Amino acid sequence: MTPRAGAPRLVRTLFVAFLAVSAVHLAGLLAGQDAVHVATKPLLMLLLAGHAAARGGPRLLIAALLCGWAGDVLLMPDAEPAFLVGMGFFAVGHVCYLALFGRAPVRPVSGVVYAVVLVTFVALLWPGLPDGLRVPLTGYSLLLTAMAWRAGVLGRAAALGGALFLFSDALIATGIADLPQLPAHDFWIMLTYIAAQYLLTRGALDPHTNATGAAPGAYREGRIGI
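**Q** Is there a simple way to think about the packing of aromatic side chains in this case?
**A** Each pair of aromatic rings is reported with the distance of its centres and the angle of its planes. Counted under the stated rule, the structure contains seven aromatic pairs. A centroid spacing of 6.4 Å and a plane angle of 25 degrees characterise the contact between phenylalanine 15 and phenylalanine 18, whose relative ring orientation is stacked. Here phenylalanine 18 and phenylalanine 15 lie together in helix H1 (residues 7-31), a separation of three residues that amounts to about one turn. For phenylalanine 15, a relative accessible area of 14% gives the class buried.

Structure, rendered in C-alpha cells:
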C-alpha cells in the first residue's frame, strides 16, 4: 500500500496538527481547563489515524486508532455504561493491534515479566474495584497485556508504545479502585496514552521494522517519515 498522490504535504500537515492538538490538550489538563479537554480529546486519534491513512498505513492500524477515538469519546462522560462501552472499543482496538502484529515470535522472558505484572496489579486492584467492573476490567487487562507484550514485533518504538499503553490504563484503573493517585493524574494518563498510540503508529509505519522481526506485511515506506 503506497501513499496517495500529494500525500507528503497532507502527511506533514496532519502530523503537525496532531502534535499541536496534543500539546494544547496536555496544557489544558495542567491548567485545569475542562473546556480545552472536551474540545481537543476527540481530535487526537482522528488526526493520528488521518496521518496514518495519508501515509498508506495498514487498515488494521487505522482501525485500532479509530477504536481508540471511539473509546476516548465514550470515556469522557462520568457514567459506568459509557465507560464499559468505551472499554469495549479499546478492547477491539487491541485485537486489531494483535492481528497487525501477526505471528512473529516474541521473547518468552518478556511474556513472563508481563504476566507477573498483570497478576500483581490485578491482585492489588481487586479489593477496590466495583463488583460490576471486576470481571470486565480483568478480561480487558489480559487483552491489553497481550497487546503490550506482542507490540515488540514491530520494533523498539512499538514495544515502548505497548508498555506505555499498559501504564496509562493502569493509572486509570488505580483511580477506579481508589488507590493513591499521582499529582496531575489526568495529565500523566493522557501523556502516556498519546505517546503510546504515536509509538505504536510509528512502529507500524517504520520502514526498518523488518529488521526487528516484524510481522510479514507490515507497512514499508522509506520516503516519508513521521
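That shown, we press on.
**Q** Would you explain the nonpolar core in this entry?
**A** Most often, soluble globular proteins keep nonpolar side chains buried together rather than apart. Within the largest apolar cluster, 57 residues are counted, with the highest numbers of intra-cluster contacts made by Phe18, Leu61, Leu65, Tyr97, Phe101, Phe165 and Leu200. At the level of elements, H1, helix H2 (34-54), helix H3 (59-74), helix H4 (80-101), helix H5 (108-125), helix H6 (131-150), helix H7 (156-176) and helix H8 (185-205) are the ones that each hand at least two residues to this core. Considering each element in turn, this core owes the most residues, ten residues, to H8. In this view, tyrosine 97 contacts Leu61, Ala64, Leu65, Met147, Gln197 and Leu200; residues no more than four positions away in its chain are not counted.

**Q** Help me understand the packing of H2 against H8, please; the structure alone is not making it clear to me.
**A** A pair of packed helices is characterised by two quantities: the angle between their axes and the separation of those axes. It is the contact of H2 with H8, at a shortest axis distance of 11 Å, that shows an interaxial angle of 10 degrees. The orientation of H2 relative to H8 falls into the category roughly parallel. Residues Lys41, Leu44, Met45, Leu48 and Ala52 of H2 lie in contact with H8, whose contacting residues are Met190, Tyr193, Ile194, Gln197, Tyr198, Thr201 and Leu205. In the contact of H2 with H8, the residues fall into nine nonpolar, two polar and one charged.

**Q** I'm lost on the side chain of serine 168 in this one. Help?
**A** Inspection of the secondary structure puts serine 168 in helix H7. Residue classification places serine 168 among the buried positions, given a relative accessible area of 1%. Non-local contacts of serine 168, meaning those with residues more than four positions away in its chain, are made with Ile189, Thr192 and Tyr193.

What counts as what
Numbering of residues starts from 1 in every chain and runs along the sequence as written. For this predicted model, a pLDDT threshold of at least 70 governs which residues receive local features, and a threshold of 80 or more governs which side-chain atom pairs are given and counted, while totals over whole chains, interfaces and linings are taken from all residues. Side-chain measures were taken over the full set of non-hydrogen atoms in the model, leaving aside hydrogen atoms and water. Note on aromatic pairs: the rings of Phe, Tyr and Trp (six-membered ring only in Trp) are paired at centre separations within 6.5 Å, and the planes decide the class, stacked below 30 degrees, edge-to-face beyond 60, tilted for the rest. Secondary structure elements follow DSSP: runs of H or I of four or more residues count as helices, runs of E of two or more count as strands, with numbering from the N terminus. Throughout this description, buried means an accessible area under 20% of the type-specific maximum (1.4 Å probe, protein chains only), exposed means over 50%, and partly exposed covers the range between. In these notes, a set of buried Ala, Val, Leu, Ile, Met, Phe, Trp, Tyr and Cys residues joined through side-chain atoms within 4.5 Å is what counts as a nonpolar core. Note on contacts: a residue pair is in contact if any heavy atoms of the two residues lie within 4.5 Å. The angle between two axes is taken between their N-to-C directions and runs from 0 to 180 degrees, where each axis is a line fitted to C-alpha atoms and a helix contributes only its stretch in contact. The labels follow the angle: roughly parallel below 35 degrees, roughly antiparallel above 145, roughly perpendicular from 65 to 115, and oblique for the rest. Three classes are used: nonpolar for Ala, Val, Leu, Ile, Met, Phe, Trp, Tyr, Cys and Pro, charged for Asp, Glu, Lys and Arg, and polar for all others, with Gly counted as polar.

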